[in-house]
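Report on the structure
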Amino acid sequence: MLLLAAAAAQGAELLAFSGSNPGGGAKGIYAYRFNTTSGELKPAGLAVETTNPSFLAVSASGQFLYAVNEVGGKGMVSAFSIDREAARLTLINQVSSKGGGPCHLALDTTGRWLAVANYGTGSVAVLPVGADGRLGEASAFDQHHGSGVNRARQEGPHAHEAVFSPDNRYLLVPDLGLDQVLVYRFDAGKGTIAPNDPPFGVLAPGSGPRHLVFHPNGKVVYVLNELASTVTAFHYDAAKGALQDFQTLSALPAHFTQASTAAEIATNAAGSAVYASNRGHDSIALFDIQPELFKLAEPEHTPMLGKTPRHFTMDPDGRFLLVSNQDSGNIAVFRVHQRSGELTPTRYWPVEQPSPVCLVFVK
């Protein structure tokens, strides 16, 4: 019994991987060991050397990891096998993302299909995933068209994320350049997509939608707008795949007037809070979700112990939030209050890594 109590006190150890951008001497994907009780994050070295792996996804089995590779104007998606004991990755294969500047990817609930958003050329593709983790050539592709009011950032389409609906019937793609969240009907048998009816949800001109998250109830979607630094709440009709906005709030403090752009958004498992990161203000905004109405309260802000919090993720138990501070080159860990959602730093200093941009856990 004493041994069991001691093991529980020490906590479980999870493997995590972090993608990077080329800045600061980054070489690829880095590995970490995370203690689920203390919140300590320990570096485990370079998992694999690969070019500009800016966003990662792990298979439900924990056997494979996928990464987008932004290589000039040529977009690629890489598949790796995971060696848990050695905390290393081995390349399986690499295929085209069917566009330039891929920035996000996601696996559907069956694990047989992977969707990738190409920011540079404004398109989305679906790739088949084999039982051995190997990627096939695209089974579906759609090119976005149009532009927005911000001539510097919205000169054309910029697909920024690909998110499968909880029931796996739809694929939602925020496009920063179009001020739209495009909705596709998804066929999980064939790996194909088709424009939904209605085909998109609309954001205010110049918003620049970047990422979105479903509320745990599956009936509300919160969209983070990069350019406007706002969060827009949508009612989501799961039967029709339709979006109807009902609220927009700033993710920044009212007194803040310097340059800042929004980056990542998430909810807690209880569905009582939304988190959104601000690059420039270098904080995470915590919005309380009002019960039943699902409207957001004015946010509170927590400094991120670094510069440019591009991405953050929660551990599987939702007890810790880990943020990738891209420009200061560190990953900071915060404890999450289980009722209020409040963030407090752990006693550990942020872990240094060159240009971290995305961290994922292997469950």
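Basis of the calculations
- Residues numbered from 1 in each chain as written.
- Predicted model: local features only at pLDDT ≥ 70, side-chain atom pairs only at ≥ 80, totals over all residues.
- Heavy atoms only, no water.
- Pairing = 2+ DSSP bridges.
- Helix = DSSP H or I, 4+ residues; strand = E, 2+ residues; numbered from the N terminus.
- Axes fitted to C-alpha atoms, helices over the stretch in contact; angles between N-to-C directions.
- Salt bridge = Lys/Arg side-chain N within 4 Å of Asp/Glu carboxyl O.
- Buried < 20%, exposed > 50% of the residue type's maximum accessible area, 1.4 Å probe, protein only.
- 1 Å grid on protein atoms, 1.4 Å probe; cavity = no way out; pocket = protein on both sides within 12 Å on 5 of 7 lines; lining within 4 Å.
- Points joined across faces, edges and corners; volume = space filled by probe spheres on them.
- Core = buried A, V, L, I, M, F, W, Y, C linked by side-chain atoms within 4.5 Å.
- Contact = heavy atoms within 4.5 Å.

Attention now goes to the sheet that holds strand E19 (residues 242-250). Read across the sheet, four strands follow the order E16-E17-E18-E19 without closing on themselves; strand pairing throughout is antiparallel. With partners counted over all chains shown, the strands left at the sheet margins are strand E16 (209-214) and E19, one partner each. With strand direction ignored, the average angle separating the axes of adjacent strands in the sheet is 25°.

Before going further, it helps to examine the pattern of salt bridges. In the structure shown here, the tally under the stated rule is five salt bridges. For Asp167, the salt bridge is made with Arg169, and the minimal N-O distance between the two is 3.8 Å. In this structure, Glu226 and Arg279 form a salt bridge, with 3.3 Å as the shortest nitrogen-oxygen distance. Of this pair, Glu226 sits in the loop between strand E17 (220-225) and strand E18 (230-237) while Arg279 sits in strand E21 (residues 273-279), and the two are 53 residues apart along the sequence. Classification of Glu226 by relative accessible area gives buried; the value is 3%. By relative accessible area, which is 14% here, Arg279 ends up buried. Through salt bridges with shared partners, one network takes in Arg153, Arg210, Glu226 and Arg279.

Following the criterion strictly, the structure yields one cavity of 30 Å³ or more and no others. Estimates place the volume of the largest cavity at around 60 Å³. As for the largest cavity, its lining consists of Ser54, Phe55, Cys103, His160, Arg210, His211, Glu264, Arg310, His311 and Val357. Counting residues per element, the ones that place at least two in the lining of the largest cavity are strand E4 (53-58), E16 and strand E24 (309-314).

Bringing the nonpolar core into the picture now. One finds Phe17, Ile29, Leu65, Tyr66, Leu89, Leu105 and Leu114 to be the most contacted residues of the largest nonpolar core, which totals 33 residues. Ranked by the residues each element gives to this core, the list is headed by strand E5 (residues 64-71), at five residues. Setting aside its immediate chain neighbours within four residues, Leu105 contacts Phe55, Leu56, Ala57, Tyr66, Ala67, Val68, Val77, Leu114, Ala115 and Val116. With 18 residues, the next largest nonpolar core counts Val124, Val126, Ala159 and Tyr184 among its residues.

For the rest of this paragraph, the subject is the pairing of E18. Of all eight residues in E18, six are buried; the element is thus mostly enclosed. Of the strand pairs in this sheet, E17 and E18 are connected by six bridges, and their pairing is antiparallel. Bridge assignment links Val223 to a residue of E18, and that residue is Thr232. Counting the residues in the hairpin turn of E17 and E18 gives four residues, including Ser229, whose phi is positive at 55°. One ladder, built from eight bridges, connects E18 with E19; its direction is antiparallel.

Now for the environment of Phe80. Mapped onto the fold, Phe80 is located in strand E6 (residues 74-83). Taking the relative accessible area as the measure of exposure, Phe80 reaches 1% and is therefore buried. Between the C-alpha atoms of Phe80 and Ala67, which are 13 residues apart in sequence, the distance is 8.3 Å. Aside from chain neighbours lying at most four places away, what touches Phe80 is Ile29, Val48, Thr50, Gln63, Phe64, Leu65, Ala67, Leu89, Thr90, Leu91 and Ile92.

The values reported here are purely geometric and, on their own, carry no functional implication.
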